[in-house]
Amino acid sequence: MDTTSFPAVWAVVGPGVAGAVFGVGWWFWVDAVVCSAAAVPFLHYLPGLFASFAALMFNCVKREDANYNYYSPYDDSEWRLKLWLFVSYVVSFVSLAGAVGFLVQDALTDTGPSAWTGVAGVLQSVFVLIRGLF
Amino acid sequence: MARSMRTCLHSGRLALLAILVSGGIVLQILACALYNNWWPMLTVLMYLILPMPLIFFLGSNSPSMMSNDGDTWVSFTKFLTGASIVGSIAIPSILKHAGVIGWGALTMELSSFLVFGVAILWLIQMNSEDEYSSAF
């Protein structure tokens, strides 16, 4: 195993780290649902689900070198890739906002504190997944 | 080192590895049996996913696991490994947090996980050793 340079090591363990952070995100959410006093409505699951979906979207793009095309005949296909990436970013940020909104709303009643750790974790998992499979 | 000596040590190491793995299984079952609470068995689900990259890729070209050029399936199995490592730590912690199991069961679960981890790492290291030594 090439342990000399950081990019080489990252290429080998990157997917593992991405899986680990993804797991951390979702397991925090499971902990929040299990330990909460009141029932957690399905609406609260949505930010986490959308964040994971955005992560999946982001990882459908194979390589970033698909962005850098020095051959101009492929000019017209670049915008599709960028649009896809843009949509996945938008979905992840919207789910983050939704999670914050739910937290503030629930702080008034009962299921507040842990619910946030869950969805924030899932959002973090999005960002690691972004770096992970590249 | 004489060839017969090397084979003897090799099979000795394999036996030790098997003992390690069965020790991990014993710890896992003890964590449930001693406290008469079978919830920790849920972690077994994670242990099934954990050795997947080994099962899939150890027989074939193992360099593909440790080198840079991984195709999508190798990356996906690494992803599963990472998620299951976190899961096998997370499930006992969540069970403890919810008050389903006690501290003793938690420590047994975590130590069983550590034992499995050590065994798997050792197996990987032994396998990469074999490649170099079999060239002679």
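What counts and how
Residues numbered from 1 in each chain as written. Chains lettered and ligands numbered in written order. Predicted model: local features only at pLDDT ≥ 70, side-chain atom pairs only at ≥ 80, totals over all residues. Heavy atoms only, no water. UniProt positions renumbered as here; feature names shortened; annotations may be inferred. Core = buried A, V, L, I, M, F, W, Y, C linked by side-chain atoms within 4.5 Å. Buried < 20%, exposed > 50% of the residue type's maximum accessible area, 1.4 Å probe, protein only. Helix = DSSP H or I, 4+ residues; strand = E, 2+ residues; numbered from the N terminus. Contact = heavy atoms within 4.5 Å. Patch = residues over 30% accessible without salt bridge, like charges linked within 9 Å, V, L, I, M, F, W, Y side chains within 5 Å. Areas by Shrake-Rupley, 256 points an atom, 1.4 Å probe, with all protein chains shown as cover. Salt bridge = Lys/Arg side-chain N within 4 Å of Asp/Glu carboxyl O.

Looking at an unreviewed UniProt entry, one finds chain B named Vacuolar protein sorting-associated protein 55 homolog, with Oryza rufipogon as its source organism. According to the UniProt record, the Sequence similarities (unreviewed entry) comment for chain B is "Belongs to the OB-RGRP/VPS55 family."

The name given to chain A in an unreviewed UniProt entry is Transmembrane protein 50A, and the organism recorded there is Oryza barthii. The UniProt entry for chain A carries this comment under Subcellular location (unreviewed entry): "Membrane". Listed in UniProt under the heading Sequence similarities (unreviewed entry), the comment for chain A reads: "Belongs to the UPF0220 family."

## Some words on the nonpolar core
Formed by 17 residues in total, the largest nonpolar core has its most connected members in Ala51, Val119, Leu123, Val126 and Leu129 of chain A together with Phe79 of chain B. Of all the secondary-structure elements, those providing two or more residues to this core are helix H1 (6-35), helix H2 (46-60), helix H3 (75-106) and helix H4 (112-132) of chain A. It is H4 of chain A that provides the largest number of residues to this core, a total of 6 residues. In this structure, Leu95, Ile101, Ala105 and Leu106 of chain B belong to the second largest nonpolar core, which totals 6 residues.

## Topic: the side chain of Ser88 of chain A
For Ser88 of chain A, the position within the fold is in helix H3. Not counting chain neighbours up to four residues away, the residues in contact with Ser88 of chain A comprise Ala54, Met57 and Phe58 of chain A.

## Focus: a nonpolar patch on the surface
On the surface, Trp79, Leu83, Phe86, Val87, Val90 and Val94 of chain A cluster together into a nonpolar patch covering about 570 Å² of accessible area. The exposure class assigned to Leu83 of chain A is partly exposed, which follows from its relative accessible area of 44%.

## So, the environment of Thr7 of chain B
Residues and elements named next belong to chain B. Among the structural elements, Thr7 can be located in helix H1 (residues 3-33). Among the residues examined, Thr7 registers a relative accessible area of 49% and is labelled partly exposed. A C-alpha to C-alpha distance of 34 Å links Thr7 and Trp73, two positions 66 residues apart in sequence.

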